[in-house]
Amino acid sequence: MSNEERTEAEEDLEEELAWAVDAQVFAMGYIYLLACALKRGDADLGVDPSAWENTMGAVERAMMEHVDGRIQGPTTITLEDVERMRRLHTMGSTALAGGERPPELYQLSLQCMEGLFGSDWERAAREAARSLRDPDQ
């Protein structure tokens, strides 16, 4: 592999890592907003359904990159974590479309945030939600 090819491969890896981190941060913010609205019993869950769909799909792909060992993060992501996130994606989509809000949706949200950022998920979630509300921050 030439130096140019090696540099290009390193740049591609850096872009992929940045993409995965962004996906996790955005997902954390949207999940937190959803969880807070569920906890309060808000009629409006405060998350745009298309933003939810795009972000949740991206975070699921990023989590699989963790599982496959291609990238590392603040926690070890397992297939169980990915499946939990997929359930949250589906249940959240239904709730955002005005459908059922099963009681386990709130707890599942908390579990998914902890799966992404470990025991310090609350601080990370508040910061992520704040950056969604004010992107210039």
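Provided above is the structure to which this section pertains.
Now for a description of the structure that goes with this document. (Residues numbered from 1 in each chain as written. Predicted model: local features only at pLDDT ≥ 70, side-chain atom pairs only at ≥ 80, totals over all residues. Heavy atoms only, no water.)

### Concerning the pattern of salt bridges
Pairing is possible between side chains of opposite charge, provided their charged atoms come close. For the coordinates displayed, the defined rule picks out eight salt bridges. Note that E80 is salt-bridged to R84, the shortest N-O span being 2.9 Å. You can see E80 and its partner R84 sitting in helix α3 (residues 79–96), four residues apart, about one turn around the helix. For R84, a relative accessible area of 15% gives the class buried. Residues E127 and R123 are paired through a salt bridge, measuring 2.9 Å at the closest nitrogen-oxygen approach. With E127 and R123 both in helix α5 (residues 121–133) and four residues apart, the pair spans about one turn of that helix. Salt bridges linked by common partners bring E60, E83 and R86 together as one network. (Salt bridge = Lys/Arg side-chain N within 4 Å of Asp/Glu carboxyl O. Helix = DSSP H or I, 4+ residues; strand = E, 2+ residues; numbered from the N terminus. Buried < 20%, exposed > 50% of the residue type's maximum accessible area, 1.4 Å probe, protein only.)

### Some thoughts on the nonpolar core
Note on soluble globular proteins: their nonpolar side chains tend to be buried together. Counting residues in each nonpolar core, the largest one holds 36 residues, and the members touching the most others are I31, W52, M85, L88 and M113. Elements with a minimum of two residues in this core: α1 (3–40), α2 (49–67), α3, α4 (104–117) and α5. It is α1 that contributes the most residues to this core, 10 residues altogether. Ignoring any residue separated from it by four or fewer positions in sequence, one finds W52 in contact with Y30, I31, L34, V47, L88, H89, G92, S93 and L96. Counting residues in hydrophobic clusters, the runner-up holds five residues, among them A23, A58, A62 and I71. (Core = buried A, V, L, I, M, F, W, Y, C linked by side-chain atoms within 4.5 Å. Contact = heavy atoms within 4.5 Å.)

### Details of empty space enclosed by the protein
Summed over all chains, the structure comprises one cavity of 30 Å³ or more. Its volume calculated, the largest cavity comes out at about 30 Å³. If you trace the largest cavity, you find it lined by M63, D81, R84, M85, Q111, C112, G115 and L116. At the level of elements, α3 and α4 are the ones that each hand at least two residues to the lining of the largest cavity. Considering every element that reaches the lining of the largest cavity, the biggest residue donor is α4, with four residues. Per-class residue counts for the lining of the largest cavity are four nonpolar, two polar and two charged. (1 Å grid on protein atoms, 1.4 Å probe; cavity = no way out; pocket = protein on both sides within 12 Å on 5 of 7 lines; lining within 4 Å. Points joined across faces, edges and corners; volume = space filled by probe spheres on them. Nonpolar A, V, L, I, M, F, W, Y, C, P; charged D, E, K, R; others polar.)

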